[in-house]
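# Examination of the molecular architecture
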Amino acid sequence: MTTRPLSLEECLVEYPRHGVRGITVWRNALEGRTITDSARMLNESGLEVVSLCRGGFFPGTDVQLRERAVDDNRLAIEQAHAIGAPSVVLVCGAVPGQALDVSRSQIVDGIAAVLPDAAAAGVRLLIEPLHPMYADDRSAVNTLRQANEICDRLGSPMALGIALDVYHVWWDPELREMIDETARLGRLGAFHLCDWRTPTVDLLNDRGLMGEGCIPLGQINGWVEGAGFCGFREVEIFSHRWWSVDQGEFLKRIAASYRATVAED
Ligand code: ZN
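In this report, we go over the structure that sits alongside the text. (Residues numbered from 1 in each chain as written. Predicted model: local features only at pLDDT ≥ 70, side-chain atom pairs only at ≥ 80, totals over all residues. Heavy atoms only, no water.)

## Some details on the coordination of the zinc ion
Distances from the zinc ion to its protein donors, namely Glu128 (OE), Asp165 (OD), His192 (ND1) and Glu236 (OE), fall within the range 2.0 to 2.4 Å. Each of the four donor atoms around the zinc ion contributes to a set of angles spanning 81 to 142 degrees, which defines the coordination as irregular. Read from N- to C-terminus, the donor residues coordinating the zinc ion fall into the pattern E-x36-D-x26-H-x43-E. A residue pair is termed long-range when its members are at least 10 positions apart, and Glu128 in the loop between strand 4 (124-127) and helix 5 (144-153) and Glu236 in the loop between strand 7 (233-235) and helix 9 (240-243) qualify at 108 residues. Grouping residues by exposure puts Glu128 and Glu236 together as buried. (Donors = N, O, S within 2.8 Å, 3.2 Å for Na, K, Ca; no water. Tetrahedral: all angles 85-135°; square planar, octahedral: opposite > 155°, others 65-115°. Helix = DSSP H or I, 4+ residues; strand = E, 2+ residues; numbered from the N terminus. Buried < 20%, exposed > 50% of the residue type's maximum accessible area, 1.4 Å probe, protein only.)

Below, the structure written as structure tokens:
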């Protein structure tokens with residue numbers, strides 16, 4: 001999604017040229033060919049598939065909507081399994097006007113319904129807490145603490161983990177402590193990087209390249225590494241500004257800012 005103007009085919013050619021070793025695949029990028037063909041392409045590319053994005057959106061005002069969401073998450077788990085993605089990132093959902101505690105309990109119910117499918121497929125569901133500015137419509141799970149509480153409530157199954165995206169949690173006064181806790185409990189399953197621009201002109205699609213904003217990326221990266229996380233550091237930038245430039249140039253800028261902000265050598 002970071003290089004949205006590129007097709008999946010183009011990403012698989014361009015990413016290795018810029019030193020990128022893995023890819024998280026968004027489900028819309030699987031459209032237009034069979035899942036077997038997508039899996040073969042990904043396998044032949046040499047890139048490691050990090051996650052499938054995304055499942056979730058469990059809350060709904062009636063039972064049919066919630067059942068449809070559960071079915072869609074089962075499909076996401078199947079797709080992840082088919083393309084060799086070890087995890088599905090969950091944007092948990094919310095319904096504007098519905099009490100947050102209702103949405104939150106529907107999220108717990110939704111995850112509980114699909115956990116056996118995830119476990120059977122060997123796919124891990126990763127709850128991604130979203131910035132509270134999205135609490136009305138995209139996710140009623142807004143902090144690492146809340147995500148951990150959901151894992152606790154569901155019995156801390158192996159098939160459930162947490163995705164940490166700096167864009168969503170950088171402001172949290174408990175961030176360091178919760179990174180340690182999440183990692184200590186073996187739940188830290190993904191680490192997403194970008195930056196927070198001031199002012200942010202679009203709540204969804206104005207993320208900054210690392211170094212363009214105010215997130216202390218080096219510090220947070222140090223905490224994540226210090227907690228023992230050794231998975232991929234995924235650059236995840238949704239930006240109309242960056243999508244409008246040549247994507248090869250953008251990839252060069254990504255590689256340079258990645259090295260400048262979080263790479264160790
Ligand atoms: Zn993310």
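The rest of the description comes next.
## Some words on unusual backbone geometry
Note that the residue after Cys53, namely Arg54, is joined by a cis bond; omega there is -5 degrees. Checked against the element boundaries, Arg54 lands in strand 2 (residues 48-56). Between Thr198 and Pro199 the backbone carries a cis peptide bond, its omega angle lying at -5 degrees. Positive phi outside glycine occurs at Phe57, with the angle close to 50 degrees. Structurally, the position occupied by Phe57 is in the loop between strand 2 and helix 3 (63-83). Of the residues examined, Phe57 reaches a relative accessible area of 30% and is grouped as partly exposed.

## Quick notes on the packing of helix 4 (residues 100-121) against helix 5
Two elements in contact, helix 4 and helix 5, have axes separated by 11 Å at closest approach and are oriented at 50 degrees. As judged from the angle between their axes, helix 4 and helix 5 are oblique. Like other packed secondary-structure pairs, helix 4 and helix 5 cross with a definite hand, here right-handed. Contacts between helix 4 and helix 5 involve Arg104, Ile107, Val108 and Ile111 on the former and, on the latter, Gln146, Ile150 and Arg153. Across the contact of helix 4 with helix 5, the residue classes tally to four nonpolar, one polar and two charged. (Axes fitted to C-alpha atoms, helices over the stretch in contact; angles between N-to-C directions. Parallel < 35°, antiparallel > 145°, perpendicular 65-115°, else oblique. Left-handed = near helix turned anticlockwise from the far one by under 90°. Contact = heavy atoms within 4.5 Å. Nonpolar A, V, L, I, M, F, W, Y, C, P; charged D, E, K, R; others polar.)

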